[in-house]
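# Close look at the chain arrangement
What follows is each chain in one-letter form.
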Amino acid sequence: MPEICLSTKTWRSGAAWFNQALAQAIAGAGGTIAYIAPLSLPEDREPHHPNLTRIVISRERVGEGGRMARGLASLRRIVTGTLSTLAQRRRTRTFLFSIPEPLLFSLPLFALLRLSGARVVLIVHDAEPHLWRFPSALRALERAALAASYRLATDLVCLTDATRDALIARFALSKAKLRVIPHGAFATRAATPIPGSGRLLAFGSIRPNKSLLEVIGAVIRCRRAGLEITLTIAGEPLDTRYWQLCLARIAEDAGGFDLHPGFVPDDALP
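Residues numbered from 1 in each chain as written. Predicted model: local features only at pLDDT ≥ 70, side-chain atom pairs only at ≥ 80, totals over all residues. Heavy atoms only, no water.

Check the secondary structure of the protein and you find seven helices and 10 strands. What you see for the protein is a C-alpha radius of gyration of 21 Å, in line with the 18 Å of a compact globule of 270 residues. If you line up the protein on its principal axes, its C-alpha atoms span 65 × 45 × 40 Å. Within the protein, the proportion of its 270 residues that are buried is 39%. If you take every contact in the protein between residues at least 6 apart in sequence, the share linking residues at least 24 apart comes to 65%. Element-wise, carbon and sulfur atoms account for 59% of the exposed surface of the protein, whose accessible area totals about 14,800 Å². Once the 34 positive and 22 negative side-chain charges of the protein are each reduced to a mean point, those two points are 7 Å apart. (Helix = DSSP H or I, 4+ residues; strand = E, 2+ residues; numbered from the N terminus. Rg over C-alpha atoms; globule rule 2.2 N^0.38 Å. Buried < 20%, exposed > 50% of the residue type's maximum accessible area, 1.4 Å probe, protein only. Contact = heavy atoms within 4.5 Å. Areas by Shrake-Rupley, 256 points an atom, 1.4 Å probe, with all protein chains shown as cover. Lys, Arg positive; Asp, Glu negative; His and termini not counted. Charge placed at Lys NZ, Arg CZ, Asp CG, Glu CD.)

Quick look at the structure:
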């Protein structure tokens with residue numbers, strides 16, 4: 001019987017890699033764990049261990065089909081993930097959530113688990129979301145729901161001291177409820193020496209909090225000052241409006257940029 005159930009909606013990108021490695025590490029440390037998530041991309045990141053029970057749920061669609069098809073796929077993921085997590089309550093008392101489903105669905109799940117006597121541990125990657133889902137007029141409601149998720153959790157695990165401090169300052173949470181466990185480094189291939197070629201890289205999901213627009217502006221100013229540099233941008237745009245702003249700025253000096261928008265597979269990393 002699994003001692004721990006780890007549930008997440010992630011299956012690709014750095015957040016998913018973190019969860020896949022976490023499940024593998026818990027199993028490798030001697031814990032028995034049920035890992036509930038969509039099938040990993042790439043699949044060779046799938047955790048495998050005798051102590052690990054793998055429960056695969058549906059994926060959402062990314063850039064495939066119409067709006068209704070994508071919505072139905074996301075709903076399937078939510079339903080299969082929620083039911084699979086609840087089914088583990090018969091065997092498991094401790095539940096870890098890392099990048100859970102939207103608050104509309106995760107709040108009732110947290111409440112049901114707590115009412116059943118389960119321990120709910122929420123891994124907090126950021127104190128507040130990078131992109132709020134509700135319009136600004138409903139921001140207070142969304143923020144209240146986020147605060148409720150923090151209060152429903154038995155324990156909160158932060159990856160940095162800064163996140164812990166932000167939770168205390170913005171949500172008045174008790175320091176005794178918070179634990180800081182650093183993210184740690186992913187195992188990667190050996191890096192080659194920096195070539196000094198003037199080629200720069202902005203890598204990862206494209207969203208406003210990463211300040212890509214400011215980086216683009218800096219590259220343009222440097223090139224105008226005579227520096228022979230170029231910037232490669234590789235990552236998936238998570239905010240379409242923000243990406244359009246970036247593209248408009250890039251158009252001022254298109255020769256200085258090499259664009260690879262979209263999910264970056266492992267074999268492209270070297």
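The grouping of Met68, Leu72, Leu75, Val79, Leu83, Leu86, Leu104, Phe105 and Leu112 at the surface amounts to a nonpolar patch, some 870 Å² of accessible area in total. Looking at the nonpolar patch, the elements that each hand over two or more residues are α2 (67–87) and α3 (103–115). Top element by residues in the nonpolar patch is α2. It accounts for six residues. (Patch = residues over 30% accessible without salt bridge, like charges linked within 9 Å, V, L, I, M, F, W, Y side chains within 5 Å. Salt bridge = Lys/Arg side-chain N within 4 Å of Asp/Glu carboxyl O.)

Moving on: the packing of α2 against α3. One can describe the packing of α2 onto α3 by two numbers: an axis separation of 11 Å at closest approach and a directional angle of 10°. As summarised for this structure, α2 and α3 are arranged roughly parallel, according to the angle between their axes. Of α3, the residues touching α2 (which contributes Ile78, Thr82, Thr85 and Leu86) are Phe105, Leu109, Leu112 and Leu113. Residue composition of the contact of α2 with α3, grouped by class: six nonpolar, two polar and no charged. (Axes fitted to C-alpha atoms, helices over the stretch in contact; angles between N-to-C directions. Parallel < 35°, antiparallel > 145°, perpendicular 65-115°, else oblique. Nonpolar A, V, L, I, M, F, W, Y, C, P; charged D, E, K, R; others polar.)

This part covers the confidence of the model for the protein. If pLDDT is low for a region, its predicted coordinates should not be looked at in detail. Averaged over every residue, the pLDDT of the protein is 91; residues scoring 70 or more account for 98%. Strand β1 (residues 4–7) holds the highest mean pLDDT among the elements of the protein, 98, whereas α2 holds the lowest, 92. (pLDDT = per-residue confidence, 0-100.)

Turning our eyes to something else, we now look at the packing of helix α6 (residues 212–224) against helix α7 (residues 240–250). At their nearest, the axes of α6 and α7 sit 10 Å apart, and the two run at 5° to each other. With respect to α7, the axis of α6 lies roughly parallel. On α7, the residues touching Leu212, Leu213, Glu214, Ile216, Gly217 and Ile220 of α6 are Tyr242, Trp243, Leu245, Cys246, Arg249 and Ile250. Grouping the amino acids of the contact of α6 with α7 by side-chain chemistry returns nine nonpolar, one polar and two charged.

Turning our attention to the sheet that holds strand β10 (residues 257–261). The strand order across the open sheet built from three strands is β8-β9-β10, with neighbouring strands paired in parallel fashion. Whereas interior strands pair on both sides, the edge strands pair on one side only; in this sheet they are β8 (199–203) and β10. Strand-to-strand twist of the sheet, defined as the mean angle between neighbouring strand axes without regard to direction, takes the value 15°. Where β8 meets strand β9 (residues 230–235), five bridges bridge the pair, whose relative direction is parallel. From the neighbouring strand, Leu201 faces β9, where its bridge partner is Thr232. Packing against the sheet, α6 makes contact with β8, β9 and β10, and its axis sits at approximately 160° to β9. (Pairing = 2+ DSSP bridges.)

Here we have seven strands laid out as an open sheet, ordered β3-β2-β1-β4-β5-β6-β7, and parallel in their pairing. Two strands lie at the open edges of the sheet, namely β3 (52–57) and β7 (178–180), each paired on one side alone. Across the sheet, the axes of successive neighbouring strands diverge by a mean angle of 20°, strand direction being ignored. Bridge count between β1 and strand β2 (residues 33–38): four bridges; the pairing is parallel. The residue of β2 that forms the bridge with Ile4 is Ile33. Helix α1 (residues 13–28) contacts β1, β2, β3, β4 (94–98) and β5 (119–124) of the sheet and is inclined by roughly 165° relative to β2.

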